Amino acid sequence: MLKQLKITNLGLIEEADIKFQDGLTVITGETGSGKSLIIDSIQLLFGIKGGAYQVRSEETQLVVEGVFQLSLPLAKLVFENISSKYKDPIDSTVLRIQRSIDVNGKNLCFLNGKKIGLKMLTSTGSVLADVYGQGSYSTIFNSSEHLPILDSYAGLTSVVEDVRGDITYFQNLVKRIIKLEENNEDKKNNRLQMMEELDEIERVELQIGEEDILKKEMLILLNSEKLSEMAINSYADIKSNEIDHSSVQDKITKIMQIIRENVDIDDKLKQPLDVLENISYQIDELGVFFRLYDSQLENNSGRLIQIQDRLGIIDGIKRKYRKSVEEILIYATDIHSRVISIDSSQEALASLVSERDRLAIPLEASCLLISKGRRDAIKLFVEDVDRELTDIGMVGTRISVSMESSSNGNNIRLTDIGETEFSVNNNGIDCVEFLMQGALDEPTKPLSKIASGGEAARLMLAFKSVVNTMGMGKSFVLDEIDYGIGGRLGDKIGRKLAELSIGDQVICVTHLPQVAVFADHHLRLLKTKLDEKLVIRAEFVENTDRVNEVIEMFGNDSPRVAEIADDMLIESEKWKQGLNRTNISGLHMAS
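This one's a predicted model, so the numbers in the text were calculated from it and none came from an experiment.

**Student:** For this particular structure, what's the right way to read the overall build of the protein?
**Tutor:** Assigned secondary structure in the protein consists of 17 helices and 17 strands. On C-alpha atoms alone, the protein measures out to a radius of gyration of 48 Å, which is more than a quarter above the 25 Å that the 2.2 N^0.38 rule sets for 591 residues. The dimensions of the protein, computed from C-alpha atoms along their principal axes, are 165 × 70 × 40 Å. By residue count, 43% of the 591 residues in the protein fall in the buried class. Restricting to contacts in the protein with at least 6 residues of sequence separation, those with at least 24 account for 72%. Of the roughly 31,600 Å² that the protein leaves accessible, carbon and sulfur atoms contribute 50%. Charge centroids of the protein, computed over 69 positive and 94 negative side chains, lie 4 Å from each other.

Written out as structure tokens, the structure is:
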């Protein structure tokens, strides 16, 4: 429970250090005195969204700090929550939470001196306390809030939490299967097309450079006669001319013979003779080349047709894919890899489906067991809530519970059991909504369609009473629980809050003296001026001061009202003692 609350620079509160105790604490004060700021500061400790607008004027940051004394059961819940998210869990039954917000909106949060994030702060706060700020009672109209209430009443909360991990895993598994199935359906069609393309490309047996080679060979075949004539003529001109012996070889041989006849006369002729001999050798080789070249030329029309057909095939596949041969071969490699990936995806899908089918049966069994527990609890739950509503002035109001199988489109369908299909949501296979009947002759309707704002607060209080999680040291914090109700009902609300606070802690902002008189501790807020600045002062009142505060709440300080206030305090104290409570406040009435 909350033992100490320190507030610095929050709104009109410059500085406050409030020490809370167990039992019922009421917070009172005139309008604008900052009562809701106390609730705001507690909500900030539990991760509610805050902002720079909350920082006191002319200051740079606000700071709120809370010290919590945890019972052993609550400590276990808190530290299980922390250890699942924090690598360095805190082991203590005293929890100190601090949060600051500067004028730029920057948040800093600390848990026992260790820096944490807002998400963990919110998660921890939900374990430590139930906090209802102004207007938040209407959340009871939201049907998504109803199932956790029924589960808490039926003692199923921890069971649902245990199964929720399996549900989340199962949901994620099914989502993966659905995604794979959708992808694979498209990929199946793509795979067929890819295999056809791959087969076509492989049948063509494309090779890089083949096209150029074939084109060159085709050019030669198309000009074979011309090339043959060129080779024959060249050979004749080089090697022999039987008519006049005027071939290049003959002329060079003749020149060489003349030089040899004169080389003895002038040895300078040796050099040109050597050059001519070398030329003669090369010309001889050229002759051999042209003779062989001509012999190798073919006028092969069959080969020409083959080449033209092959080039036609290559050109056709290039035009079809609008790619070069190199790009087509790369594309074929990519197709092959994608086909392998699709086949692997099919194997993965089969594995996931097998796992889904294996997990579905025990998960269905767990969900059905939870569902049965809920149905079994509904009758007593309704009776208990109706009794609580009667106690707090909603006589004739009846609550009923609509419980149906999940059918939301976001749910994941489980496999069939017999002829029944089940869809699982985060809480199992059920959807629950509380309905309300204002009187016996009125139709039953959803809470949001029939309950007023004042009734919302009392409905929440009734539900809280029947699913009482108090006894673990968890705080119950309420802002304006008396919203929309009068003094007559205030007495009933006060009694109910006192019952809830037995051995635990309830902190409540109220405007009604009928509620305030049932408090074990009475915190009064005053708005005053200090150094020309408005400030809020918080103080616990006892004895005569408390009587005077109750009189102030009546708005009439006549002797009769003072007598009524004194009597109400005495009677409420007697009533609380009848609940086997000790006099926590140590109150002594004014005479």
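**Student:** Is there a simple way to explain helix α4 (residues 146-154) in this structure?
**Tutor:** Side chains that are three or four residues apart share a direction in an α-helix, a result of its 3.6 residues per turn. Along α4, the residues that are buried comprise His 146, Leu 147, Ile 149, Leu 150, Asp 151 and Tyr 153. Following α4 by one or two positions, Gly 155 adopts a phi angle in the positive range, close to 70°.

**Student:** Help me understand the pattern of salt bridges in this model?
**Tutor:** When charged atoms on two side chains of opposite charge get close, those side chains can pair. Per the counting criterion, the structure on display carries 31 salt bridges. With a closest N to O distance of 2.8 Å, Lys 372 and Asp 376 form a salt bridge. Remark: Asp 376 and Lys 372 occur in helix α11 (residues 325-391); sequence separation between them is four residues, near one turn of the helix. One network of salt bridges, in which partners are shared, links Glu 388, Asp 391, Lys 496 and Glu 499.

**Student:** Explain the sheet that holds strand β4 (residues 61-69) to me, please; I cannot follow it from the model alone.
**Tutor:** Sheet strands line up and pair through hydrogen bonds in the backbone, either parallel or antiparallel. Pairing is antiparallel across the open sheet formed by six strands, whose spatial order is β2-β1-β4-β5-β6-β7. With partners counted over all chains shown, the strands left at the sheet margins are β2 (13-19) and β7 (114-116), one partner each. Taken pair by pair, the neighbouring strands of this sheet meet at an average axis angle of 15°, ignoring direction. For strand β1 (residues 2-10) and β2, the ladder comprises six bridges, and the chain directions are antiparallel. Residue pairing across strands places Leu 10 opposite Ile 13, the latter belonging to β2.

**Student:** Which parts of the structure should I look at to understand the packing of helix α7 (residues 224-239) against helix α8 (residues 248-262)?
**Tutor:** Helices that pack against each other are described as a pair by the angle of their axes relative to one another and the distance between those axes. The N-to-C vectors of α7 and α8 enclose an angle of 15°; their axes lie 3 Å apart at closest approach. Classified by the angle their axes make, α7 and α8 are roughly parallel. Residue-level contacts link Asp 237, Ile 238 and Lys 239 of α7 to Val 248, Gln 249 and Asp 250 of α8. Here the residues of the contact of α7 with α8 are counted per class, giving two nonpolar, one polar and three charged.

**Student:** Any chance you could explain the packing of aromatic side chains here in plain terms?
**Tutor:** In this description, an aromatic ring pair is defined by two values, namely the gap between the centres and the angle between the planes. Counted by the stated rule, this structure contains eleven aromatic pairs. Considering the side-chain rings of Phe 289 and Tyr 293, the 5.7 Å spacing of their centres and the 25° angle between planes classify their relative orientation as stacked. Of this pair, Phe 289 and Tyr 293 both sit in helix α9 (residues 270-296), separated by four residues, roughly a single helical turn. Under the relative-accessibility criterion, Phe 289 is labelled partly exposed at 45%. Taken together, the ring pairs in this structure connect Tyr 153, Phe 381, Phe 434 and Phe 463 into an aromatic cluster.

**Student:** How do you make sense of the environment of Gly 486 when you look at a structure like this?
**Tutor:** Mapped onto the elements of the fold, Gly 486 is located in the loop between β14 (475-479) and α14 (487-500). Judged by relative accessible area, Gly 486 falls into the partly exposed class, the value being 36%. In the structure, Gly 486 is positioned 411 residues away from Ala 75 in sequence and 39 Å away in space, judged by C-alpha atoms.

**Student:** Help me understand the nonpolar core in this model?
**Tutor:** The tendency in soluble globular proteins is for nonpolar side chains to be buried as a group. One finds Phe 381, Phe 434, Leu 459, Phe 463, Leu 478, Ile 481 and Leu 497 to be the most contacted residues of the largest nonpolar core, which totals 59 residues. The greatest single-element share of this core, amounting to eight residues, is contributed by helix α13 (residues 453-466). Grouped together as the second largest cluster of nonpolar side chains are 43 residues, Phe 79, Ile 97, Ile 116 and Leu 121 included.

**Student:** Explain the confidence of the model for the protein here, please?
**Tutor:** Detailed reading of the predicted model is not advised wherever pLDDT is low. Of all residues in the protein, 91% attain a pLDDT of 70 or more, and the chain-wide mean is 85. The lowest-confidence element of the protein is strand β10 (residues 412-413), averaging 61 in pLDDT; the highest-confidence one is β4, averaging 95. The low-confidence segment residues 582-591 (pLDDT under 50) makes 22 contacts with residues lying over four places distant or belonging to another chain.

**Student:** Even after reading the chapter, I still don't get the sheet that holds strand β16 (residues 521-530), so can you show me in this structure?
**Tutor:** Spatially, β8-β14-β15-β3-β16-β17 is the arrangement adopted by the six strands of the open sheet, whose pairing is mixed. Whereas interior strands pair on both sides, the edge strands pair on one side only; in this sheet they are β8 (129-132) and β17 (533-541). Strand-to-strand twist across the sheet, computed as the mean angle between neighbouring axes with direction ignored, equals 15°. Sheet analysis places strand β3 (residues 23-28) next to strand β15 (residues 505-509), joined by five bridges and oriented parallel.

**Student:** What is the right way to read unusual backbone geometry from this model?
**Tutor:** When glycine is set aside, most residues are seen to have a negative phi, and most peptide bonds are trans. Positive phi outside glycine occurs at Asn 112, with the angle close to 50°. In this fold, Asn 112 is placed in the loop between β6 (107-111) and β7. Owing to a relative accessible area of 26%, Asn 112 belongs among the partly exposed residues under this scheme.

**Student:** I'm lost on the pairing of β6 in this one. Help?
**Tutor:** For a regular strand, side chains alternate in direction, first toward one face of the sheet and then toward the other. Across five bridges, the pairing between strand β5 (residues 94-102) and β6 is antiparallel. By the bridge assignment, Gln 98 is partnered in β6 with Phe 110. Turn length for the β6-β7 hairpin, with the two strands adjacent in sequence and antiparallel, is two residues, and the turn residue Asn 112 shows positive phi of about 50°.

**Student:** Help me understand the side chain of Asp 151 in this model?
**Tutor:** Along the chain, Asp 151 falls in helix α4. Contacts of Asp 151, omitting those with residues within four sequence positions, involve Leu 156, Thr 157, Val 160 and Arg 374.

**Student:** What is the right way to look at the side chain of Glu 197 in this model?
**Tutor:** Residue position: Glu 197 is located in helix α5 (residues 157-204). Buried and without a salt bridge, Glu 197 has Lys 320 as its closest oppositely charged side chain, separated by 6.4 Å. Contact partners of Glu 197, with chain neighbours within four places excluded, come to Tyr 321, Tyr 331 and Ile 335.

Definitions and limits used
Residues numbered from 1 in each chain as written. Predicted model: local features only at pLDDT ≥ 70, side-chain atom pairs only at ≥ 80, totals over all residues. Heavy atoms only, no water. Helix = DSSP H or I, 4+ residues; strand = E, 2+ residues; numbered from the N terminus. Rg over C-alpha atoms; globule rule 2.2 N^0.38 Å. Buried < 20%, exposed > 50% of the residue type's maximum accessible area, 1.4 Å probe, protein only. Contact = heavy atoms within 4.5 Å. Areas by Shrake-Rupley, 256 points an atom, 1.4 Å probe, with all protein chains shown as cover. Lys, Arg positive; Asp, Glu negative; His and termini not counted. Charge placed at Lys NZ, Arg CZ, Asp CG, Glu CD. Salt bridge = Lys/Arg side-chain N within 4 Å of Asp/Glu carboxyl O. Pairing = 2+ DSSP bridges. Axes fitted to C-alpha atoms, helices over the stretch in contact; angles between N-to-C directions. Parallel < 35°, antiparallel > 145°, perpendicular 65-115°, else oblique. Nonpolar A, V, L, I, M, F, W, Y, C, P; charged D, E, K, R; others polar. Phe/Tyr/Trp six-rings, centres within 6.5 Å; stacked < 30°, edge-to-face > 60°. Core = buried A, V, L, I, M, F, W, Y, C linked by side-chain atoms within 4.5 Å. pLDDT = per-residue confidence, 0-100.

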